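Here's the letter readout for the chains.
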Amino acid sequence: MSAPVLLTRPGARGQVLAESVAAFGLSTLRLEVMRQETVPETADARSAWLDIDHFHKVIVISPAAAEHLVEALDRYWPQLPQGLELYAVGQATAELLYQALGVRVRLPTAAAGEETSEALLALPSLKRLDQQRVLLVAGEGGRSLLGETLAQRGARLTRVEVYRRRLLPLAEDAAQRLAAGDYGALVVSSGEILEHLARWCSEAAFQRPLVVSSQRLATLAKTLGFRVPVVASGASPAALAAAVARTCDPEDGE
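The following refers to the structure shown. Because the structure is a prediction, the values reported are computed rather than measured. (Residues numbered from 1 in each chain as written. Predicted model: local features only at pLDDT ≥ 70, side-chain atom pairs only at ≥ 80, totals over all residues. Heavy atoms only, no water.)

1. Looking at the side chain of Ser190
Moving on, step 1. By secondary structure assignment, the location of Ser190 is in the loop between strand S9 (185–188) and helix H8 (191–198).
Moving on, step 2. Residue Ser190 is classed as buried on the basis of its relative accessible area, which comes to 18%.
Moving on, step 3. Polar contacts involving the side chain of Ser190 include one to the main-chain amide nitrogen of Glu192, which spans 3.2 Å.
Moving on, step 4. Side-chain polar atoms of Ser190 contact the backbone nitrogen of Ile193, separated by 3.2 Å.
Moving on, step 5. Contacts of Ser190, omitting those with residues within four sequence positions, involve Met34 and Leu217. (Helix = DSSP H or I, 4+ residues; strand = E, 2+ residues; numbered from the N terminus. Buried < 20%, exposed > 50% of the residue type's maximum accessible area, 1.4 Å probe, protein only. Polar contact = N/O pair within 3.5 Å; in protein donor to acceptor, adjacent residues only side chain to side chain. Contact = heavy atoms within 4.5 Å.)

Now the structure itself:
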């Protein structure tokens, strides 16, 4: 049997990714490297949910953030407020919001080529935000680019952090695989996880294929020492799985 594809995405979305990769006939192994935990609701967060109809724009960072937003709207708004102008960084987040709320969600155009904060900020409707109230629904920490740029463009920004990420030490067998480069490919869609894993990687691992979800992550990977970063067309399970298939078996990936 061929060496497994190592997957690092946590939670239910990680399982979907594993199934997408397995559909190409590839074996997979999920590494437990991060856990997502709910942040207790603060008074400021509750105020934002209750006043959400007063925001001109609501920007949702990730599927996890979308799930918390949907849950909050369900608690505080028996009837969905009218006129919500929702934005999502990626397709998976947009689909989750649309399926749960049935409202249009703006996201980076296909021409942008990536599901990143930079691509979202390129949307014309986010170029000038003079005194517009903007709600950013996100996790703790993470990149500051989106919030800083929105503020620079004139937004009156409110950030609500609804979950936190906990990095976990690798299990011994997973650490041994990284040290030996004993895998078909490593799949990472988080800079935080990539930096975390690099400490267990040997030169053998740095020579193995690394599939990432954006050019930004590929650049980070090269600075960490990875020699063969492969950029998928996005962060969705389908996009990542297709990139893995092309990398591990070019004929299957066609």
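2. Focus on the packing of helix H1 (residues 11–22) against helix H11 (residues 237–248)
Moving on, step 1. Here H1 crosses H11 at 40°, and the two axes come no closer than 9 Å. Relative to H11, H1 is oriented oblique. Considering how the two elements wind past one another, H1 and H11 form a crossing that is right-handed. Across the interface between the two elements, Val16, Leu17, Ser20 and Val21 from H1 touch Pro237, Leu240, Ala241 and Val244 from H11. (Axes fitted to C-alpha atoms, helices over the stretch in contact; angles between N-to-C directions. Parallel < 35°, antiparallel > 145°, perpendicular 65-115°, else oblique. Left-handed = near helix turned anticlockwise from the far one by under 90°.)

3. Considerations on the packing of aromatic side chains
Moving on, step 1. Considering all chains together, one arrives at 1 aromatic pair under this definition.
Moving on, step 2. For the ring pair Phe206 and Phe226, a centre distance of 4.9 Å and an interplane angle of 85° mean the geometry is edge-to-face. Of this pair, Phe206 sits in helix H9 (residues 203–206) while Phe226 sits in the loop between helix H10 (215–224) and strand S11 (228–231), placing them 20 residues apart in sequence. Taken as a pair, Phe206 and Phe226 share a single burial class, namely buried.
Moving on, step 3. Sitting over the ring of Phe55, Arg133 keeps its end group 4.3 Å from the ring centre. (Phe/Tyr/Trp six-rings, centres within 6.5 Å; stacked < 30°, edge-to-face > 60°. Lys NZ or Arg CZ within 6 Å of the ring centre and 35° of its normal.)

4. What to know about the side chain of Arg9
Moving on, step 1. Looking at the secondary structure, you find Arg9 in the loop between strand S1 (5–7) and H1.
Moving on, step 2. Judged by its relative accessible area of 7%, Arg9 is buried.
Moving on, step 3. For Arg9, the side chain forms a polar contact with the main-chain oxygen of Ala235, separated by 2.7 Å.

5. Quick look at the sheet that holds S11
Moving on, step 1. As summarised here, the arrangement of the 5 strands in space is S2-S1-S9-S10-S11, forming an open sheet in which the pairing is parallel. In the strand order of this sheet, the two ends are held by strand S2 (28–30) and S11, each with one partner. The average undirected angle you get between the axes of adjacent strands in this sheet is 25°.
Moving on, step 2. As paired elements, strand S10 (residues 209–212) and S11 share 4 bridges and run parallel to each other. Bridged to Val211 within S11 is Val230.
Moving on, step 3. The strands touched by H11 within the sheet are S1, S9, S10 and S11, with S10 carrying the most contacts at an inclination of about 160°. (Pairing = 2+ DSSP bridges.)

6. Description of the environment of Glu118
Moving on, step 1. Here Glu118 lies in helix H5 (residues 117–121).
Moving on, step 2. On the accessibility criterion, Glu118 (36% relative accessible area) is partly exposed.
Moving on, step 3. Spatially, the C-alpha atoms of Glu118 and Leu145 are 8.2 Å apart, while their sequence positions differ by 27 residues.
Moving on, step 4. Not counting residues within four places of it along the chain, the set of residues in contact with Glu118 comprises Arg143, Leu145 and Arg216.
Moving on, step 5. Looking at Glu118, its side chain comes within polar contact range of the side chain of Arg143, at 2.6 Å.

7. Some points on the sheet that holds strand S6 (residues 105–106)
Moving on, step 1. Across the sheet, 6 strands lie side by side as S3-S8-S7-S4-S5-S6; this open sheet has mixed pairing. Lying at the two open borders of the sheet, with one neighbouring strand each, are strand S3 (34–38) and S6.
Moving on, step 2. In terms of strand pairing, strand S5 (residues 86–88) meets S6 through 2 bridges, oriented parallel. Across the sheet, the residue bridging to Tyr87 is Arg106, located in S6.
Moving on, step 3. Sheet strands in contact with helix H2 (residues 43–50) are strand S7 (133–139) and strand S8 (156–167), and its direction is about 125° off that of S8.

8. Describing the environment of Ala92
Moving on, step 1. Within the secondary structure, Ala92 sits in helix H4 (residues 91–101).
Moving on, step 2. Considered as a pair, Ala92 and Ser236 are 144 residues apart in the sequence and their alpha carbons are 6.3 Å apart.
Moving on, step 3. Every residue in contact with Ala92, bar those within four places of it in the chain, is listed here: Arg13 and Pro63.

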